[in-house]
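# Overview (structure and organization)
Here are the chains, one letter per residue:
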Amino acid sequence: MSSAPRPGPGRGWLLRLVIAFAFAQGAVSMARPAVSYRALALGADETAVGVIAGVYALLPLFAAVPLGRRTDHGRCAPLLPLGVVLISGGCALSGVVSSLPAMAAWSGVMGLGHLCFVIGAQSIVARQSAPAEQDRNFGHFTIGASLGQLGGPIAAGALISGESGALGRTSALALLVSAGVCAVALTSLWRIEHRRTPGAGPAAKAGAAKVPVTTILGARGVPAGIFISMAVLSSTDILTAYLPVVGEHRGIAPATVGLLLSLRAAATIACRLVMTPMLRLLGRTALLTTSCLLAGLLCAGMVLPVPVPVLAVMLAALGFCLGAGQPLSMTTVVQAAPAEARSTALALRLTGNRLGQAAAPAAAGLIAGTAGAAAPFALLGALLLAAAGLGLRSGRTARATSVPPEPTPVRQPEPTPVRDREQGDSTPLADRNRS
């Protein structure tokens, strides 16, 4: 007996998507510190740098849900080159303008481009992956982000130099190079979306109705997935921002801090490479809950003044634990949301990420100012412990709702005189004549 052919495309599209995401994310990870350095070279103070960085996260908030709606009722692939063009344009123009308001505007364009690319890419993975493959495919997809986050800051640090007043020139060069790096992503964006994918055709676009945002957020599992994603991403951002501050207080050299951050990113990649066997061994609920729980404990433990070798082990373990949260939260949101609003649900998840990126550093700054530079890690520990509790609760809810109800017995219809007469009329004619 031959097995039925597998519908849809092979996995070549996923490899090309990972490659494109690595270049796009690498360009963004390279450009964001370069934007801050160029703003400083143009005379910005710390507040102005914070505003420019905040525009990157806040401006796309207004476009996330409309983009998700559009993707739910149409094709996803056009968002990918659009995102690449916006990221490249924002990077290049941030490197040539000479005013802070213009830099803030182009930083927002860069953030909008990143949002377009991510919504389109995540929606493609959700549509073209069977339910049993979504955890694995989302895990492999986020490897692209980890590669970009690993290589982008290293490249920016190699190009940017503040010696002899060269900060303005070298930061502009880094932004132009990041624009070129992002443009390379276009070479991998061919045959990404399978045209027979459900929901990608004009008929679906014409017939589908918009699901209210309140209905999406009210679906069991969606708020938990959004919060888990926000907690994990906020932990990564604050770790990147405050580990240099902790290193300065503890006498750790900047080069060592850079290596520690790279070790964290490499451990995240390693986690996503072995996502499939871990899921097979533990299951999604146990893996999500355990990874968030251990990450919370490790974050809280970083408040302690441990030696550098111990800190390196803790950061490697933390990076490994943080690697599971993002892809598993994507699957949680996709499988919990209504089928006709999955892209909008992913857009709401990204909205939560952006809010976390804007609010978490502000809260961390307030805590650090009053309780010390390492205190924000205690906040991260609490966030991740809450995420672990939500992951466990959503898993129990999913198991409870997945139990099929008892079948309802079908009542046999009562015989009627009409049916009796019809049955009597069905007597063979010869028998009736004999009678």
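All figures in this text were calculated on a predicted structure; none of them were measured in a lab.

To continue, consider the overall build of the protein. Along the backbone of the protein there are 18 helices and zero strands. Counting the 435 residues in the protein, one finds 48% classified as buried. Summarising the internal contacts of the protein: among those between residues at least 6 apart in sequence, 84% fall at separations of at least 24. Total accessible area computed for the protein in this model is approximately 20,200 Å², and 67% of it derives from carbon and sulfur atoms.

The next point concerns the pattern of salt bridges. For the structure on display, the rule yields two salt bridges. The salt bridge involving Arg136 is made with Glu133; its shortest N-O contact spans 3.8 Å. Judged by its relative accessible area of 17%, Glu133 falls in the buried class.

This part is about a nonpolar patch on the surface. On the surface, Leu15, Ile19, Phe23 and Val184 cluster together into a nonpolar patch covering about 310 Å² of accessible area. By the secondary structure assignment, Leu15 is in helix 1 (residues 12-41). By relative accessible area, Leu15 is classed as exposed at 54%.

The rules we used
Residues numbered from 1 in each chain as written. Predicted model: local features only at pLDDT ≥ 70, side-chain atom pairs only at ≥ 80, totals over all residues. Heavy atoms only, no water. Helix = DSSP H or I, 4+ residues; strand = E, 2+ residues; numbered from the N terminus. Buried < 20%, exposed > 50% of the residue type's maximum accessible area, 1.4 Å probe, protein only. Contact = heavy atoms within 4.5 Å. Areas by Shrake-Rupley, 256 points an atom, 1.4 Å probe, with all protein chains shown as cover. Salt bridge = Lys/Arg side-chain N within 4 Å of Asp/Glu carboxyl O. Patch = residues over 30% accessible without salt bridge, like charges linked within 9 Å, V, L, I, M, F, W, Y side chains within 5 Å.

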